[in-house]
Amino acid sequence: MDLSFTPQEREAMYSVLCVLVKADYRSRDNELGQLSEFAKELGLDESFHPIPKSQLEGLAYETLKKMPMEKKRVFSRMMTQIARSDGHFGPSERAFVIEILEMCEIPFVHR
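Residues numbered from 1 in each chain as written. Predicted model: local features only at pLDDT ≥ 70, side-chain atom pairs only at ≥ 80, totals over all residues. Heavy atoms only, no water.

Q: Looking at this structure, I do not really get the packing of helix α3 (residues 56-66) against helix α5 (residues 91-103). What am I missing?
A: To characterise two packed helices, one gives the angle between the axes of the helices and the distance between these axes. Look at α3 against α5: their axes get within 9 Å of each other, and the N-to-C directions meet at 55°. Between α3 and α5, the interaxial angle falls into the category oblique. Contacts between α3 and α5 involve L56, E57, Y61 and K65 from the former and F96, E99, I100 and M103 from the latter. The residue inventory of the contact of α3 with α5, partitioned by class, reads 5 nonpolar, no polar and 3 charged. (Axes fitted to C-alpha atoms, helices over the stretch in contact; angles between N-to-C directions. Helix = DSSP H or I, 4+ residues; strand = E, 2+ residues; numbered from the N terminus. Parallel < 35°, antiparallel > 145°, perpendicular 65-115°, else oblique. Contact = heavy atoms within 4.5 Å. Nonpolar A, V, L, I, M, F, W, Y, C, P; charged D, E, K, R; others polar.)

Below is the structure:
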């Protein structure tokens, strides 16, 4: 990754990705593997505790919304990769991704 994310951005991004993995209640090895790769990319270790889903809107969405467009595109790509990694982009995952895209003003990156 050639962009430098702030600690708040990394926390917000990874927390949203953690919720996305669980959105369809089908956490597969591929999704968990992809999530682990993104944790490494973001410089997070096993001791990191993501923001709980119930607190995302108050603690993560505003951070994501304020990120520059280039960072938003990187994050959108991460969400797409997680959602597609198990071969099933279900309605629950789609609804959550759309919520993030709309509330945080993030463009959809499909690859």
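Moving on from the model shown.
Q: Quick question: what am I supposed to make of the side chain of D86 here?
A: Assignment of secondary structure puts D86 in the loop between α4 (69-84) and α5. Since its relative accessible area comes to 14%, D86 is described here as buried. Excluding anything up to four places from it in sequence, D86 contacts D24, R26, R28, N30 and E31. (Buried < 20%, exposed > 50% of the residue type's maximum accessible area, 1.4 Å probe, protein only.)

Q: Where do I start with the environment of G90 in this structure?
A: Counting through the fold element by element, G90 comes out in the loop between α4 and α5. For G90, a relative accessible area of 2% corresponds to the buried category.

Q: I would appreciate a short explanation of the pattern of salt bridges in the present structure.
A: When the charged atoms of two side chains with opposite charge come close together, those side chains can pair. By the definition in use, this model includes 4 salt bridges. Linking K71 and E9 is a salt bridge whose minimum nitrogen-to-oxygen distance equals 2.8 Å. Residue K71 is found in helix α4, and its partner E9 is found in helix α1 (residues 7-22); the two are separated by 62 residues along the sequence. As far as burial versus exposure is concerned, K71 and E9 are alike and both buried. Here K40 and E37 are joined by a salt bridge, their closest N and O atoms 3.7 Å apart. Placement of both K40 and E37 in helix α2 (residues 29-41) is noted, with a separation of 3 residues, approximately one turn of the helix. Assessed through its relative accessible area of 42%, E37 is described here as partly exposed. (Salt bridge = Lys/Arg side-chain N within 4 Å of Asp/Glu carboxyl O.)

Q: Sorry, what's going on with the packing of aromatic side chains here?
A: The geometry of an aromatic ring pair comes down to the distance between the two centres and the angle between the two planes. Overall, the coordinates contain 1 aromatic pair when judged by the stated rule. With a centroid separation of 5.6 Å and an interplanar angle of 70°, the aromatic rings of Y14 and F48 are classed as edge-to-face. Of this pair, Y14 sits in helix α1 while F48 sits in the loop between α2 and α3, placing them 34 residues apart in sequence. A cation over a ring is seen here: R94 above F89, with NZ or CZ 5.8 Å from the ring centre. (Phe/Tyr/Trp six-rings, centres within 6.5 Å; stacked < 30°, edge-to-face > 60°. Lys NZ or Arg CZ within 6 Å of the ring centre and 35° of its normal.)

Q: Where do I start with α5 in this structure?
A: An α-helical turn contains 3.6 residues, so a residue and the one three or four places further along point in the same direction. The end-to-end C-alpha distance of α5 is 18 Å, a good match for the 18 Å that 13 residues give at a rise of 1.5 Å each. Turning to α5, its buried residues number three or more, namely E93, F96, V97, I100 and L101. Each buried residue of α5 sits inside an arc of 135° when the element is viewed along its axis, so together they form one side. Opposite the buried face of α5, by more than 90 degrees, sit the exposed residues P91 and E102. Packed against the buried residues of α5 are α1, α2, α3 and α4. Immediately beyond the C-terminal end of α5, within one or two residues, lies E105, with a positive phi of roughly 55°. (Expected span 1.5 Å × (residues − 1). Arc of directions from axis to C-beta.)

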